[in-house]
Amino acid sequence: MLAYFPVPYKDELLYSVIARFKMHQGITSGRQLVLELFGSRDVAAVVDLPGHLKALEQNTYQLTKITAKQWLLDHTLFPAYQHSLPTARREKLIASLYEGRAWNIHTRIGHAAFYLKDPTYLKVCKSCHAQQMDQHGETYWQRLFQLNGAILCPIHQEYLYETNVPFRPKSKYEYSSANEATLTMRLPRSHNDYQRDLLIRLSYNLSELLEVGENYVHSFDQWTAYYRYVGEAAGVLSSPSRIDHRAVCECVEQYWTPALLKHLNLLVTGRMDWLVNIFRKHRKSFHYLHHLIIWLTFEKATLADNIRNAAFMDVRKKTFSSIESVENDAVTINQRREWLSIVKSYPGKGIAWLRQHAAGGIYSWLYRHDRQWLKTHAPEKVSIKRQENLVDWNERDVNYLQQFRSLYQQGLLINPKGRSSKTWLMKQVKQHAILEKDKINSLTQSPILPLW
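Residues numbered from 1 in each chain as written. Predicted model: local features only at pLDDT ≥ 70, side-chain atom pairs only at ≥ 80, totals over all residues. Heavy atoms only, no water.

A. Main features of the environment of W103. Position of W103 relative to the elements: it lies in the loop between α6 (87-98) and α7 (105-108). Since its relative accessible area comes to 67%, W103 is described here as exposed. For W103 and G51, which are 52 residues apart along the polypeptide, the C-alpha to C-alpha distance reads 8.2 Å. (Helix = DSSP H or I, 4+ residues; strand = E, 2+ residues; numbered from the N terminus. Buried < 20%, exposed > 50% of the residue type's maximum accessible area, 1.4 Å probe, protein only.)

Shown next, in the form of structure tokens:
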């Protein structure tokens, strides 16, 4: 049992807490470090999304009173990603981070498909760094500064500095404390006052994103409906039912400027394909930076309000409404009655038959606008009765025997190129692919007809 473990500072990464523990205890072996904290050597140093949180809670709770859930939400970068994930995937990812199954967490969270590179090195604010040293006698890694898009400190409004500590540790057990880091380079500051103000606003929103919590969950359909609402509210429509993607791109470029978008890695080869896709039907998660760029461009509400609005988006109406209003809608009630009447009129028929012969339009409407109700009121699955004895196997064997006998009498069962193997013999008859390799044995031993 551990006798000491440091209490984390506000907004401190778990990676940083472990690095400070290593420094305080004078531990030089990374294997010994993870063995003491997690009870296993199968733990890697990860900055953003570390795993084995349940094991850490079990070994440190008596000292810190911090649960695995608190470690995850308050001391990792998971809160930045969680709201863009479907509920089922989010729960599976959390379970993996709690246990020791986080080796492919970045792939499962969609990180590889975002086309946004991780920071190369850990970053700090020089003024925050000095304040930490004055107040605590040591420094630590802050979560906010390690996010994509964090270029300035929102408190001191200063450009961040890169250090010599890599964002992805070079060795499995490499935990480097901020005390041991060296400030190597100030982030590029070739921005005008307008661009600098935008980056400060972006940093404020990134900070708020980490603090929103987990109260709101979203589905892909809700995100699709929400961005339809954003496009309609902004007036970027080419027709009453279509988003004008060119107008959207022009608005975003005008607001953020191409130079700043390129600096944030959001403008690739002069294009922003992610911006087009995010206003279409959502089939995958989008990076938190993608959401923030659009909200800051078109939405005047706070970040928390935007997340809440998306969570309460009525998928059918593209508006914010409650479940009760959908249940009492006259159109919905009529469509439901029609569907139930058709299902009752054709007992024993499945969904496929009903869609093709009786209720194609009604089914499509309910599937798009009232899918959950449709699933619970679908007809029972129709079991297909398969006809038995489709093949007379004895007759088939007789036919094959007759073919072999005819070929033998014609002298065609002697291989001129070598041995007459089973495989070669089978290839001499018609439809030889359905013969199994051991079928020759059964044929030659068949009591029905001698082979030759």
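B. Spotlight on the pattern of salt bridges. The tally for this structure, following the rule as stated, stands at 10 salt bridges. The partner of E91 in a salt bridge is R90, and the shortest N-O contact between them spans 3.0 Å. By relative accessible area, which is 42% here, E91 ends up partly exposed. Note that D370 is salt-bridged to R336, the shortest N-O span being 2.6 Å. Of this pair, D370 sits in the loop between α19 (360-369) and α20 (371-376) while R336 sits in helix α17 (residues 330-345); the two residues are 34 residues apart in sequence, bridging distant segments of the chain. Given the relative accessible area of 10%, R336 is considered buried. (Salt bridge = Lys/Arg side-chain N within 4 Å of Asp/Glu carboxyl O.)

C. Representation of the nonpolar core within the structure. Counting residues in hydrophobic clusters, the biggest one holds 104 residues, and the most contacted among them are F78, Y175, W256, L275 and F279. It is helix α14 (residues 288-298) that contributes the most residues to this core, 8 residues altogether. Counting residues in each nonpolar core, the second largest holds 10 residues, with W339, L354, A359 and L366 among its members. (Core = buried A, V, L, I, M, F, W, Y, C linked by side-chain atoms within 4.5 Å.)

D. Structural context of the sheet that holds strand β2 (residues 161-166). Judged by pairing direction, the sheet is antiparallel, and its 3 strands sit side by side in the order β1-β2-β3 without closing on themselves. Of all the strands in the sheet, the pair left with one neighbour each is β1 (121-124) and β3 (183-186). Between one strand axis and the next, the sheet turns by 40° as a mean value, whatever way the strands run. Judged from the 3 bridges that link them, β1 and β2 form a sheet pairing that is antiparallel. Bridged to Y121 within β2 is P166. (Pairing = 2+ DSSP bridges. Axes fitted to C-alpha atoms, helices over the stretch in contact; angles between N-to-C directions.)

E. Region of interest: the packing of aromatic side chains. Inspection of every chain in the model, using the stated rule, returns 17 aromatic pairs. When the ring of Y81 is compared with that of Y288, the centres are 5.3 Å apart and the planes differ by 80°; the resulting orientation is edge-to-face. Residue Y81 is located in helix α5 (residues 78-82), and its partner Y288 is located in helix α14; the two are separated by 207 residues in the primary sequence. With respect to burial, Y81 and Y288 carry one shared label: buried. Each ring, one from Y255 and one from W256, has its centre 5.6 Å from the other, and the planes form 70°; the classification is edge-to-face. W256 carries the same exposure label as Y255, and that label is buried. Aromatic rings pair up to connect W223, Y226, Y227, Y229, F279, W295 and F298 into one cluster. Lying across the ring of Y98, K54 places its NZ or CZ 5.3 Å from the centre. The side chain of R371 reaches across the aromatic face of Y367, ending 4.0 Å from its centre. (Phe/Tyr/Trp six-rings, centres within 6.5 Å; stacked < 30°, edge-to-face > 60°. Lys NZ or Arg CZ within 6 Å of the ring centre and 35° of its normal.)

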